[in-house]
Every structure is written in structure tokens, then in C-alpha cells.
Amino acid sequence: MNSSDPRKPRLAVLISGGGTNLQAMLDRSAAGTLDAEIAVVLSDNPEAFGLKRAERAGIPALHIDYKISAQSPVKQAERFVDLADLDRRQKIIKNPDPSERLARLARLVLAERELALRIEAFRPDYVCLAGFMRLLSPYFIGHMNHEGPKIINIHPALLPAFPGRSGYEDTFQYGCKWGGVTVHFVDEGEDTGPIIAQAVYPVWPGEDIEKIRNRGLSLEYEVYSQVINWLAAGHVAIKRGPGGRPRVEITDPDYAAIVAGWVRKAL
Ligand code: GAR
């Protein structure tokens, strides 16, 4: 990897666990096939093995503590955000008791402020969620996206089916005959942002969840790196449809061949 190449976008990669997607990016970066520089890896989980993978590759690896024990978190958060307004816009904390909901939101915002400050110190062009198991509030998303969409996520299902934390389990339990993986921009809903790329894999009779997960994960590695390369090459165009919902179109002339390659690989 040429870490001083000014043309390569810089990535902040967020993880919570094993980090095999991160490893796939690191491997491609070392092999010169990822057109981006991984500037920093951050995790909400100090034990995440992905942090070790980053350290081994000589990349800064940071833990962000989400267990905020601040006294009066609402007061603290209100120093830099209008919490009542944020509460009206947010869709992720559903606690019906308003004061408990505000306190949870405040604690989330305090953790996200730390996350945002740490990320910004590395001046990334994109924030890549790779098995990051936290929902992001509109505070963090707005903070990161002020110059356009910047946060992307890999999801282990064919969205909009099966949002949430158990994409492979849901695919298996529903008896789907095809599963899929999705890379999308992150918006204020749960796995609802504009879809950038998807790939599918067959579920053969008699297979178990582990077979499915492994087949899906190997596609995740391909699709995520390809999306990063498309972003680096300026091949990700965001268009507004008649309903106002942003839609992504990939402008790479090799798009069909690349997608055909994913299908062949999955079969
Ligand atoms: C991946 O399957 C990723 O798609 C999923 O977590 C796994 C992380 O694996 N993400 C989500 O479910 C997000 N909702 P990894 O740590 O080995 O890359």
C-alpha cells in the first residue's frame, strides 16, 4: 500500500468483532487491489479481534467507549446538540418514557461525539462500517455527511429484506433459496440507506447456517472492496427519483462483467 498516495481515498473502518471484512480490505490493500488507504480502525468493543488485525498491519486501532457513565448526560449532550430536536428526528431509540429516551439518546450522542472527534483526526473520505453493531444517531450521521454521503455499511442480507443484526440467520430461517449481501450508504433508519451494490448466492438443499454464512462472507469481501474501488474511481452516482428518494447508479463500464463475476463465484 502506498500510504502517501494523495489520490487514494482515506478510510476509517468501524468494527465490533472478528473483522474478517477488515482483513479482506487489509489483504487487498497489501496486494495493491484496494484503491484506498485504511487510515484508522475503531471499535466499540475493546476485545474485538479486528483491532489486533489492524495493529498487526501497522494501522492505528482505537477503542471508543460506549458505556458512558457521565452524571447528567442530558445536560452534557445539550452543550453541543439540541436533544429535543434530535429526539424528534431519530428512529433508533424507541423507549416510550421520554426522560429515559432522552437520557439514552444523550449517552449515545456523548459516545458518538468522541467517535466523531477521533475519526476526524484522521481526515477520512469515507467511514466504512464492517460488522459495527451499533446504530448511529442523526447527530453522528449529520456530522459526518455535511459534504455529502460518506458512511457506508455492509449488510449480510438482500435489503430491504432482513435489516438488523441477523441477516444470515433470517435468510436461513425463512428458507430463502437465494441469499444476498448489500453495501449501502447509511441514512437515519436501520439499514434503509441508498443501496450501492448487491450480490446473491444460492442456498442449496441440506445446507446449514454456517455454509450460508461462509458463502455470504466471501461475497461480502468482494463486494465491499469493489464498492470502495468504485467510490475511489468516481463511479458511484447518486440520483434523485420522482419520490425524492436518492438512488445510486454505478457508472463503471465494466459493471455487468463484474456482477457476472460475482454470480459465477457464488455458484
Ligand atoms: C458481517 O457478516 C457483516 O455483514 C455483519 O456482521 C458481520 C461481521 O463480520 N454486519 C451486520 O450484521 C450489520 N448489521 P466480520 O467482523 O468478520 O467482518
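In short, a report on the structure. Each chain carries its own residue numbering, running from 1 in the written order of its sequence. For this predicted model, a pLDDT threshold of at least 70 governs which residues receive local features, and a threshold of 80 or more governs which side-chain atom pairs are given and counted, while totals over whole chains, interfaces and linings are taken from all residues. Heavy atoms from the whole structure form the basis of all side-chain values; hydrogens and water molecules are not counted.

A single heavy atom is enough: if one lies within 4 Å of a molecule or strand, its residue is considered near that molecule or strand. Close to the ligand lie 13 residues; Gly19, Thr20, Asn21, Gly164 and Glu220 are nearest. Within the contact set of the ligand, an oxygen atom lies 2.6 Å away from a side-chain nitrogen or oxygen of threonine 20. In the analysis that follows, any N or O atom pair within 3.5 Å is treated as a polar contact, provided that within protein one partner can donate a hydrogen and the other can accept it, and provided that, for residues neighboring in sequence, both atoms belong to side chains. For the ligand, an oxygen atom lies 2.9 Å from a polar atom in the backbone of asparagine 21. Put simply, the parts of the chain that give the shell around the ligand at least two residues each are α1 (20-31), β5 (151-155) and α8 (209-232). Split into classes, the residues belonging to the shell around the ligand amount to five nonpolar, seven polar and one charged. Helix and strand labels come from DSSP, where a helix needs a run of H or I of at least four residues and a strand needs a run of E of at least two; each type is numbered from the N terminus. Residue polarity follows a fixed list, in which Ala, Val, Leu, Ile, Met, Phe, Trp, Tyr, Cys and Pro are nonpolar, Asp, Glu, Lys and Arg are charged, and the others, Gly among them, are polar.

Backbone-to-backbone hydrogen bonds pair the strands of a sheet. The strands run either parallel or antiparallel. For two strands to be treated as a pair, DSSP must find no fewer than two bridges joining them. The seven strands lie next to each other as β3-β2-β1-β4-β5-β6-β7, forming an open sheet whose pairing is mixed. Either end of the sheet is taken by a strand with one partner, and the two such strands are β3 (61-63) and β7 (195-202). Neighbour to neighbour, the strand axes of the sheet diverge by 20° on average, direction disregarded. Two elements, strand β6 (residues 178-185) and β7, share seven bridges in a ladder whose sense is antiparallel. To obtain each axis, a line is fitted to C-alpha atoms, and for helices this fit is confined to the stretch in contact; angles are then taken between N-to-C directions over 0 to 180 degrees.

The subject of this paragraph is the pattern of salt bridges. When their charged atoms lie close together, side chains carrying opposite charge are able to pair. The salt bridge definition used is simple: a Lys or Arg side-chain nitrogen within 4 Å of an Asp or Glu carboxyl oxygen. This model, assessed by the stated rule, comprises 13 salt bridges. Across the salt bridge formed by arginine 88 and aspartate 85, the nearest N and O atoms sit 4.0 Å from each other. One end of the pair is arginine 88 and the other is aspartate 85, both in helix α4 (residues 83-89) and three residues apart, which spans about a single turn. On the basis of relative accessible area, aspartate 85 is assigned to the partly exposed category, the value being 27%. Linking glutamate 207 and arginine 215 is a salt bridge whose minimum nitrogen-to-oxygen distance equals 2.6 Å. Across the pair, arginine 215 and glutamate 207 agree in class, each one buried. For each residue, the accessible area found with a 1.4 Å probe, counting protein chains only, is set against the maximum for its type, and the residue is called buried under 20%, exposed over 50%, and partly exposed in between.

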